[in-house]
Amino acid sequence: MADVITLLPENIANQIAAGEVIQRPASAVKELLENAVDAGATEIQLIVNDAGKTLVQVIDNGCGMSETDARMCFERHATSKIKTIEDLFHIRTMGFRGEALASIAAVSQVELKTKRKEDAAGTYIEIENSVVLRQEPVAVPDGTSIAMKNLFFNIPARRNFLKSDAVEMRHIVEEFTRVGLAFPAIRFSLTANHQPLYLLEPGSLKQRMLQLWGNSYQNKLITIKEETDYLNIYGFAGKPETAKRTRGDQYFFVNRRYIKSPYLHHAILSAYQDLIPADSHPLYVLFLEIDPSQIDVNVHPAKQEIKFEDEKIIYAFVQAAVRHALAQFSITPSLDFDLDPAIQQLPAIQQPFTDDKRKEAEAGAIFRTFTQKHQAHFIEKHKMDPSVWKNFYEKPAPAPESASSPSERLEFPSPEIFSVFPLHNTYLIAQTANSFFLIHQQAAHERILYEKMKQAGKQNPIPSQRTLFPATLELSPADAAVMEEIIPELQWLGFLIEPFGNNTYIIQGVPGDITPNPDNSVIEILLEQYKHFNPDIKVSVKEKLIRSLARQHAVKGGTKLSENEMYKLVQDLFRCETPAFAPDGKPAYIEFSKDQLEAMFGR
Ligand code: ADP
Ligand code: MG
């Protein structure tokens, strides 16, 4: 048999490798902006056309490149930022992998113009599919301009995976915002389809935040600042009133690098405990500074995750810092908050940072002892509380007195239900002649509302009821992009929403049947759930919105229903086309036959 293994041609190998780094226009935006920052630019322009699909261009006034470097920078693993693997642990630049430009050149058509201050002429290079097409001297200002055109022009399959312009633009604005927040001293602008979208003047972090989100935040931000020998944190957290149902304005940076960390997000949320409603999210922009040797930045292709030497200590520190700030601004009643005493001993609270201290500190060693001493305090919480079991045995759910005498029982087409009992205010037990149904009340209600809305909106739009006092909804630019995408479907569903400019929308009407008591949060939650809808499930915008509305308006677990409500719920459920499942496919009920029960008891 013939041998079968061949080496891939370089351009194909590059295309494959590019898949890790460049997934969409916004990935290129991130890489190009970071390169401009690394080049020491004080002014950076971002220009996009067609949500970056046809053009992403970044122009900076940074250090520029020599003729040779201009050619080299498109090679894979070509970087000026590290030389040895050791350097990875002292990294202060955003880039270090030397992959971004090689990846971009593999999947698009690139034009580079660059000039160093000390050179008389600059260099122009045109490259596509990893092949240099032209290179010549050119008269250009100091700095660099890189234009990435027609992303994935040579990989139609990947081009087809790109989302609508609104979605891709939202990702771009998000990346722009992250870099803009991390470097408030740099002037940034964003132009989309020849329209200026943002001009961010250099200033303080707070000024940058107000430029991005509006002056209404002026008095709603709490300063966070804690310094210790091993790590510092600074930034702003929103006062509890800024908490929104939609996630979005939460930014966490480590050594100015934006990172995604659900674990540390939880630390911050937990600091707000009891100050904001359970399912809402406070705004924050926080910067953690830590010795680069204590983190590993090389664990994620897009550099969005990092590994800490000890994540628990960071958790405790972040939580304590935010708590402390909330307390200082008399948001919490007293300093005596409900924290593990071990956390109150944290340097963040105990020891102010001084330059002397930093010098004398053997950071690594102390850090480690400190770590070991306090490692255990999070684990405790997750232990099962024994009283749960005690209650379980001592207090079996009592059958409600009324349930056995259903005076005004409603008729059920099928199956015939004799009686309904509540269980933990979360489940219903519906008894029939030969079985019982254990019904999840929320799942069941979701199913009912879902089918009702589907039915109502089948042929004609769902009628809208004008609100007496139209509510105004101020969104972030990113959320506004989502809103634009879903407005037509929302209107079909009975929400009259009018754009008012500046990412502001006015809610003029709501579907009276479904949302009798409207407030902004209905739309906020819709946006939130829409954004986080499982991307693997291919369903229409309308379907997503209906599912989300059904979930929102369904009775939640823990809600005590009246007898009438219980009966109505069970009756409506069994009138559904697909009563057994909630819209998301989770079971709405489980049936236990009498025979099964007998068998369980060995009868
Ligand atoms: P990395 O940023 O990881 O080093 P890139 O592929 O993004 O890798 O860039 C390769 C190299 O090209 C950089 O190390 C830098 O020397 C040079 N470079 C890229 N963009 C710029 C720019 N805007 N200005 C100056 N030099 C740049
Ligand atoms: Mg780079």
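All figures in this text were calculated on a predicted structure; none of them were measured in a lab.

Scoring rules and cut-offs
- Residues numbered from 1 in each chain as written.
- Chains lettered and ligands numbered in written order.
- Predicted model: local features only at pLDDT ≥ 70, side-chain atom pairs only at ≥ 80, totals over all residues.
- Heavy atoms only, no water.
- Pairing = 2+ DSSP bridges.
- Helix = DSSP H or I, 4+ residues; strand = E, 2+ residues; numbered from the N terminus.
- Axes fitted to C-alpha atoms, helices over the stretch in contact; angles between N-to-C directions.
- Contact = heavy atoms within 4.5 Å.
- Buried < 20%, exposed > 50% of the residue type's maximum accessible area, 1.4 Å probe, protein only.
- Patch = residues over 30% accessible without salt bridge, like charges linked within 9 Å, V, L, I, M, F, W, Y side chains within 5 Å.
- Areas by Shrake-Rupley, 256 points an atom, 1.4 Å probe, with all protein chains shown as cover.
- Salt bridge = Lys/Arg side-chain N within 4 Å of Asp/Glu carboxyl O.
- pLDDT = per-residue confidence, 0-100.
- 1 Å grid on protein atoms, 1.4 Å probe; cavity = no way out; pocket = protein on both sides within 12 Å on 5 of 7 lines; lining within 4 Å.
- Points joined across faces, edges and corners; volume = space filled by probe spheres on them.
- Nonpolar A, V, L, I, M, F, W, Y, C, P; charged D, E, K, R; others polar.
- Domains from an automatic or database assignment.
- Near = heavy atom within 4 Å.
- Polar contact = N/O pair within 3.5 Å; in protein donor to acceptor, adjacent residues only side chain to side chain.
- Phe/Tyr/Trp six-rings, centres within 6.5 Å; stacked < 30°, edge-to-face > 60°.
- Lys NZ or Arg CZ within 6 Å of the ring centre and 35° of its normal.

Trainee: So what's going on with the sheet that holds strand 8 (residues 195–200)? Which residues, and what values?
Mentor: Pairing is mixed across the open sheet formed by eight strands, whose spatial order is 5-4-3-6-2-1-7-8. This sheet does not close on itself; its edge strands, each paired only once, are strand 5 (131–138) and strand 8. Strand-to-strand twist of the sheet, defined as the mean angle between neighbouring strand axes without regard to direction, takes the value 10 degrees. Across five bridges, the pairing between strand 7 (residues 187–192) and strand 8 is antiparallel. Bridge pairing in strand 8 links L190 to Y198. Relative to the sheet, helix 6 (residues 165–182) contacts strand 1 (43–49), strand 7 and strand 8, its axis offset from that of strand 7 by approximately 170 degrees.

Trainee: Let's hear about unusual backbone geometry: which residues, and what values?
Mentor: For H194, which is not a glycine, the phi torsion comes out positive at approximately 70 degrees. For H194, the position within the fold is in the loop between strand 7 and strand 8. By relative accessible area, H194 is classed as exposed at 66%.

Trainee: Go over a nonpolar patch on the surface, please, and point to the residues and values.
Mentor: There is a patch of nonpolar side chains on the surface, built from L8, I12 and I16 and spanning about 270 Å² of accessible area. Here I16 shows up in helix 1 (residues 10–21). According to the relative accessible area criterion, I16 is exposed, its value standing at 54%.

Trainee: Could you give an account of the confidence of the model for the protein, with specific residues and numbers?
Mentor: Per-residue confidence for the protein gives a mean pLDDT of 82; residues scoring 70 or more make up 84%. Ignoring residues within four places in sequence, the model shows residues 331–413, a span with pLDDT below 50, making 103 contacts including any to other chains.

Trainee: Please give an account of empty space enclosed by the protein that cites residues and values.
Mentor: Rolled over the atoms, a probe with the dimensions of a water molecule shows which regions are left empty. Counted by the stated rule, this structure contains one cavity of 30 Å³ or more. The calculated volume of the largest cavity comes to roughly 110 Å³. Going through the elements one at a time, helix 2 (25–38), helix 6 and strand 12 (257–258) are the ones with two or more residues in the lining of the largest cavity. Examining the composition of the lining of the largest cavity, we find that four residues originate from one element, helix 6, more than from any other. Considered class by class, the residues forming the lining of the largest cavity number six nonpolar, no polar and seven charged. Counting contributing residues, the lining of the largest cavity receives three or more from each of domain 1 (10–200) and domain 2 (206–331).

Trainee: Tell me about the site of ligand 1, and name the residues and values.
Mentor: Around ligand 1 there are 19 residues in total, and N35, T79, S80, K81 and G98 lie nearest to it. With respect to ligand 1, the side chain of S80 contributes an N or O atom lying 2.5 Å from an oxygen atom. Take T144: an N or O atom from its side chain is 3.3 Å from a nitrogen atom of ligand 1. When ligand 1 sits alone it has 530 Å² of accessible area, and the protein chains cover 92% of it.

Trainee: Go over the packing of aromatic side chains, please, and point to the residues and values.
Mentor: Here the structure, examined in full by the defined rule, presents 13 aromatic pairs. Centre to centre, the rings of F253 and F287 are 4.5 Å apart; their planes meet at 5 degrees, and the pair counts as stacked. Placement of F253 in strand 11 (residues 250–254) and of F287 in strand 13 (residues 284–290) is noted, with a sequence separation of 34 residues between them. One exposure class covers both F253 and F287, and it is buried. One aromatic cluster in this structure is built from W213, Y217, Y234, Y251, F253, Y258 and F287. Taking the ring centre of F96 as reference, the NZ or CZ of K303 above it sits at 5.8 Å.

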